[in-house]
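The lines below spell out each chain.
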Amino acid sequence: MGLGTAGYLLFQYRPLAVPVVAKEENVEIRVFGLGTVEARILSDVGFKVSGALMDLEVDHGDQVSRSDVLALLDSNEQEARVRRAEAAALAGAANIRKAEANVQRARAVLEQAKEANRRKKSLVGTNVVSQQQADEAQRDEDVSSADHSVALSEVDVAKAQWADARAALAYEKELLKQHTLRAPFDAVVVKRHREAGSVVREGETIFTLMAPESVWTLAYVDEARAGTIQPGQPAEVRLRSLPHDVYQAKVARIGIESDRVNEERKVWVKCEQCPPRVFLGEQAEVRITVARLDTALMVPEAAVSRFDGHKGDVWLVRNGKLERRELVFGHRSEDARLEVVSELPEGAEIVSALVPGMRDGRRANGSRDEAP
């Protein structure tokens, strides 16, 4: 029994071998986010007018340039309206010429009446022209002047009618243009919603277009890890369909509003060179490098107790004995390790994994080998 007791005490009080943290160099601090491939410019396009679809020029997956024809509506009825408006515009121009001719005629009559009135006024009081004849000549001049004013007004009316006809013609031509659907930008056709022969309503979606240069990845990052993310930081994107390929990217945008349910922040990263073909909605893994540490002590989170996101308790090996101490931590790495920012006592080392039998004051030997 004495030998058993001595062996037990020797086992319990022998120096405990514990793994300790080694200083590391060139440590990358990365934040992980899971998200999907998206496009910043994704547009549903359709006609501004209603009608029957006569032809669809493109299909799913086609690349189109700006102003390329995408689809056509039946335009026979609208073409007839344009021809009618053109005829009205021609009639308006003819009415202007007619009114201007009437002005010339009224001006000639007025000049003749003025001359006759002037002569008769000079002969009033002689045996040639009586006062009554002079009054009649003045009346004829006044009537001719009024007719001339009416003719001038008719020119203004004709010009106004012609302007209205031209505006109506421009409107009908614009409606005719709207029977042709053109690409608003260089794009890839994501989806074709309708087929030829369908009657579509004003504003109904015919195609969904994506601007290929606007493709980026939307990642959802835990709020507890997102505080150090800044626009322009480097990132890596790995697509689910291409797990062996890594695409270099940069942070393009950080969402102002977080997800209130999942407590995640939205972060958009844009590839420097994306794969030749992308699939919207594909799952992607994003790793953002938020810092590079020249040297650091990195403690596994599992070795820290009462961690509140800022500080926590660890075990130290100091002067050959174990002791507990509260430390302040900085960055958190992708592999669940914490950067120590507190000053350590001279000669102290941080235990990297909990070992059975640890207690304050127990003798211990630190080892930088893996924990047993």
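All residue numbers here refer to positions counted from 1 along the written sequence of the relevant chain. In view of the model being predicted, local features appear only for residues whose pLDDT reaches at least 70, and side-chain atom pairs are presented and counted only at 80 or more, with totals across whole chains, interfaces and linings using the full set of residues. To obtain the side-chain values, all non-hydrogen atoms of the structure were used and water was disregarded.

### Overview of the pattern of salt bridges
Close approach of charged atoms allows side chains with opposite charge to pair.
Then step 1. Any carboxyl oxygen of Asp or Glu within 4 Å of a side-chain nitrogen of Lys or Arg constitutes a salt bridge here. Under the counting rule described, the total for this entry stands at 18 salt bridges.
Then step 2. For E236, the salt bridge identified is with R30, shortest N-O distance 3.0 Å. In this pair, E236 is assigned in strand β12 (residues 234–239) and R30 in strand β2 (residues 24–39), connecting sequence segments 206 residues apart.
Then step 3. Its salt-bridge partner being R30, residue E334 comes within 3.3 Å of it at the nearest N-O pair. Residue E334 is located in the loop between β18 (321–332) and β19 (337–340), and its partner R30 is located in strand β2; the two are separated by 304 residues in the primary sequence.
Then step 4. Among the residues examined, E334 registers a relative accessible area of 30% and is labelled partly exposed.
Then step 5. In this structure, a network of salt bridges that share partners links the residues R30, E236, E285, R287 and E334. Secondary structure elements follow DSSP: runs of H or I of four or more residues count as helices, runs of E of two or more count as strands, with numbering from the N terminus. Throughout this description, buried means an accessible area under 20% of the type-specific maximum (1.4 Å probe, protein chains only), exposed means over 50%, and partly exposed covers the range between.

### As for the confidence of the model for the protein
Then step 1. For the protein, the mean per-residue pLDDT works out to 88, and 92% of the residues sit at or above 70.
Then step 2. Taken together, the stretch residues 6–11 has pLDDT below 50 and engages in one contact with residues farther than four places along the chain or on a different chain. Residue-level confidence of the predictor is summarised by pLDDT, bounded by 0 at the bottom and 100 at the top. Between two residues, a contact is recorded if the distance between any of their heavy atoms is within 4.5 Å.

### A few points about the layout of surface pockets
With a probe scaled to a water molecule rolled over the atoms, the places where space remains empty come into view.
Then step 1. Using only the protein atoms, space was sampled on a 1 Å grid; points where a 1.4 Å probe fits but cannot get out form cavities, open sets with protein on both sides within 12 Å along at least five of seven lines form pockets, and lining residues are those with an atom within 4 Å of a point. Grid points are joined across faces, edges and corners, and a volume is the space filled by probe spheres set on the points. Estimated volume of the largest pocket: approximately 440 Å³.
Then step 2. In this structure, the largest pocket is lined by 16 residues; those nearest its centre are V188, M210, R277, V278 and F279.
Then step 3. The element that contributes the greatest number of residues to the lining of the largest pocket is strand β8 (residues 187–192), accounting for three residues.
Then step 4. Just so you know the grouping, Ala, Val, Leu, Ile, Met, Phe, Trp, Tyr, Cys and Pro go in nonpolar, Asp, Glu, Lys and Arg go in charged, and all remaining residues, Gly too, go in polar. A class-by-class count of the residues in the lining of the largest pocket yields twelve nonpolar, three polar and one charged.
Then step 5. Counted as a void, the second largest pocket has a volume near 160 Å³.
Then step 6. In this structure, the second largest pocket is lined by I29, V31, A224, R225, A226, G227, T228, V290, G309, G330, H331 and R332.
Then step 7. When residues of the lining of the second largest pocket are traced back to their parent elements, those giving at least two are β2 and β18.

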